[in-house]
Amino acid sequence: RAAPRKKARMCSREHSPLSSRRMWEADPSTMIARAERLRAEGRYEDAIAAFEEAMAHFPMLRAYRFVVAELCFELQRYPQAANIFADLVRNEPQHVQAWAGLGRAAYLLGDEQNAILAFERAIGLSPDWAEPLYEAALIYASRGDHLLAEDRLRRALARDPKLIQTADEDGLLGRYPGAGA
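Here we summarise the structure given alongside this text. (Residues numbered from 1 in each chain as written. Predicted model: local features only at pLDDT ≥ 70, side-chain atom pairs only at ≥ 80, totals over all residues. Heavy atoms only, no water.)

Some details on the overall build of the protein
Then, number 1: Each helix and strand in the protein was counted, giving ten helices and zero strands.
Then, number 2: Helices (α) and strands (β) of the protein occur, in sequence order from the N terminus, as α-α-α-α-α-α-α-α-α-α.
Then, number 3: Burial statistics for the protein: of 181 residues in total, 39% are counted as buried.
Then, number 4: Of the roughly 10600 Å² of accessible surface on the protein, 51% is carried by carbon and sulfur atoms. (Helix = DSSP H or I, 4+ residues; strand = E, 2+ residues; numbered from the N terminus. Buried < 20%, exposed > 50% of the residue type's maximum accessible area, 1.4 Å probe, protein only. Areas by Shrake-Rupley, 256 points an atom, 1.4 Å probe, with all protein chains shown as cover.)

Printed below as a string of structure tokens:
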């Protein structure tokens, strides 16, 4: 007669012989530190995977969706970035950085109307933030809406004078010389 099989003791998932999780994955701060290290090394694809893995194991880390969206944007995966930014603003309508990110992604996807809507929402939430003001100025100028372009440009340059050189390079100062005064 065969000896009875011993049952595996199942104290926790980390100690389970059935678990595929490694010990370091049990700690959210370690998982995020690993993802941040990959991002700092410029290994964006690996960093995205590491952030997504951490969020899958620990839903409380959902705020890192913004970081994933930014990494997708850096990798020029604009549709994916736009989808993540849109999800963020749907769930957190006060997330000003996500609105600006959505504006940038929408613009690069050729969707100027949604880009303007997103930038204007960011401006409404943070009127002193120069980036969405400047981005909106660029779109308004390209559409020939000169009053709004000059207004957004003037406000952007007043908040961040370092943008003067960028505005000059983009040809905005030549079109709206009063905005740089």
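Notes on the pattern of salt bridges
Then, number 1: Overall, the coordinates contain 16 salt bridges when judged by the stated rule.
Then, number 2: With a shortest N-O distance of 3.0 Å, Asp 46 and Arg 43 are connected by a salt bridge.
Then, number 3: Judged by its relative accessible area of 36%, Asp 46 falls in the partly exposed class.
Then, number 4: Accessibility expressed as a relative area gives 41% for Arg 43, which makes it partly exposed.
Then, number 5: With its nearest N and O atoms 3.0 Å apart, the salt bridge here joins Arg 152 to Glu 120. Residue Arg 152 is found in helix α8 (residues 146-159), and its partner Glu 120 is found in helix α6 (residues 112-125); the two are separated by 32 residues along the sequence.
Then, number 6: Taking the relative accessible area as the measure of exposure, Arg 152 reaches 10% and is therefore buried.
Then, number 7: According to the relative accessible area criterion, Glu 120 is partly exposed, its value standing at 22%.
Then, number 8: One network of salt bridges, with partners in common, ties together Glu 120, Asp 151, Arg 152, Arg 154 and Arg 155. (Salt bridge = Lys/Arg side-chain N within 4 Å of Asp/Glu carboxyl O.)

Some remarks on unusual backbone geometry
Then, number 1: A positive phi angle is found at Gln 76, which is not glycine, with a value near 60 degrees.
Then, number 2: Along the chain, the position of Gln 76 falls in the loop between α3 (65-74) and α4 (78-91).

Brief notes about the environment of Leu 109
Then, number 1: Position of Leu 109 among the secondary structure elements: in the loop between α5 (96-108) and α6.
Then, number 2: Residue classification places Leu 109 among the partly exposed residues on the basis of a relative accessible area of 43%.
Then, number 3: Separated by 30 residues in the primary sequence, Leu 109 and Pro 79 have C-alpha atoms spaced 7.3 Å apart.
Then, number 4: Once residues within four sequence positions are removed from consideration, Leu 109 is found in contact with Tyr 78, Pro 79 and Ala 82. (Contact = heavy atoms within 4.5 Å.)

Details of the nonpolar core
Then, number 1: The biggest cluster of nonpolar side chains holds 34 residues, and the ones touching the most others in it are Phe 51, Val 68, Phe 85 and Leu 102.
Then, number 2: At the level of elements, α1 (28-40), α2 (44-57), α3, α4, α5 and α6 are the ones that each hand at least two residues to this core.
Then, number 3: In this view, Leu 102 contacts Ala 82, Phe 85, Ala 86, Val 89 and Ala 118; residues no more than four positions away in its chain are not counted.
Then, number 4: With 23 residues, the next largest nonpolar core counts Ala 136, Leu 163, Ala 167 and Leu 172 among its residues. (Core = buried A, V, L, I, M, F, W, Y, C linked by side-chain atoms within 4.5 Å.)

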